[in-house]
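Summary of structural features
Listed below are the residues making up each chain.
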Amino acid sequence: MIAGRAQGALPTSATPRRRKVETLRLDDDPLWYKDALIYELHVRAFQDSDGDGSGDFRGLLEKLPYLQDLGVNAIWLLPFYPSPGRDDGYDIADYTDVNPMYGTLTDAHAFVKEAHQRGMRVINELVCNHTSDQHPWFQRARRARPGSAARDFYVWSETNQKYQDARIIFKDFETSNWTWDHVAGAYFWHRFYSHQPDLNFENPKVKEAVLKALDFWLGMGIDGVRLDAIPYLFEREGTNGGLISSSRRCAATSIRTTPTACSSPRPTSGRRMRSPTSAMATNATCRSTSR
Ligand SMILES: [Ca+2]
Ligand SMILES: [Ca+2]
């Protein structure tokens, strides 16, 4: 039996395809993702249910029979969260909601439920190294007292000379990994674009907040997450800012991906390959241990 495949009425040449999808169910193999047939897609680009020019969850739900017919048993959703859209949605402004362009949380939930009924699992993409500068956490941090927990949600400095060995990833857009914030009166660190400030994973409150977001989606029934840009979670003087041990530990221990973590490239439909070693974690190993 292929891990992750729905048990029950699988179509064969001898038996008509069954449409009573409620008879399908997911097996409980914790290693389902090992040989799952995963279909990566962007909600925006897949199916537009209301003709407003943007794909949406209702449209995607309508196309589930098509994906089921393809033999897909896991659907990997690229970021669909509220976002200013300056980096294809990888600049997240709210971890626990749906971009209104794509529908509502209710629509997303209905999609997950229907996908499960059709024997398909759902994987979310979670970008946790950084947020959009429009995220309320950053807006709060830049106005918070230096040294406070709210301020330390992000990586601040009085100079732009720290971590000079970390290469600049988007050299065609950025000249430094530091940008001056006139509101905070300090520099903030960003490994990617200057509108994507890095979260400070040295702050336990940040880990707690990210895990809470993770639990939110797993609680909705999401079956796994792809964790973007894991190598860049932590900053260390004298390193190139790559996959240092703290980032490994955070991914493997705090988010508990150790038994099921696997390397995963940046989605091919993204604008560029960023990280050779992002992590995939599944609901079975994640949710019960992340609290
Ligand atoms: Ca639409
Ligand atoms: Ca970082």
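Residues numbered from 1 in each chain as written. Chains lettered and ligands numbered in written order. Predicted model: local features only at pLDDT ≥ 70, side-chain atom pairs only at ≥ 80, totals over all residues.

This part is about the environment of Phe216. Looking at the secondary structure, you find Phe216 in helix H6 (residues 204-220). The spatial distance from the C-alpha of Phe216 to the C-alpha of Tyr95 is 9.0 Å, given a sequence separation of 121 residues. (Helix = DSSP H or I, 4+ residues; strand = E, 2+ residues; numbered from the N terminus.)

Now for H6. Here H6 contains 17 residues, and its C-alpha end-to-end distance of 24 Å stays within 8% of the 24 Å for a straight helix at 1.5 Å per residue. Where H6 is concerned, the buried positions are Val210, Leu214, Trp217 and Leu218. The arc enclosing the buried residues of H6, seen along the axis, measures out at 100 degrees, which places them on a common side. Exposed residues on H6 whose side chains face more than 90 degrees from its buried face are Pro204, Glu208 and Gly219. (Expected span 1.5 Å × (residues − 1). Buried ≥ 20, exposed ≤ 12 C-beta atoms within 10 Å, placed from the backbone. Arc of directions from axis to C-beta.)

By size, the foremost hydrophobic cluster in this structure holds 58 residues, and its most contacted members are Ala74, Ile75, Leu77 and Tyr154. The residues that make up this core include at least three from each of domain 1 (32-131 + 202-289) and domain 2 (136-189). Beyond its immediate chain neighbours, meaning those up to four positions away, Leu77 contacts Leu41, Val43, Val122, Ile123, Asn124 and Glu125. (Core = buried A, V, L, I, M, F, W, Y, C linked by C-beta atoms within 7 Å. Domains from an automatic or database assignment. Contact = placed C-beta atoms within 7 Å.)

Now for the sheet that holds strand E5 (residues 178-181). Taken in spatial order, the three strands of this open sheet run E4-E6-E5, and their pairing is antiparallel. In this open sheet, the two strands that pair with only one neighbour each are strand E4 (156-157) and E5. In the sheet, E5 pairs with strand E6 (residues 186-189) via four bridges, with the strands oriented antiparallel. Each residue of the ladder has a partner; that of Trp178, found in E6, is Trp189. (Pairing = 2+ DSSP bridges.)

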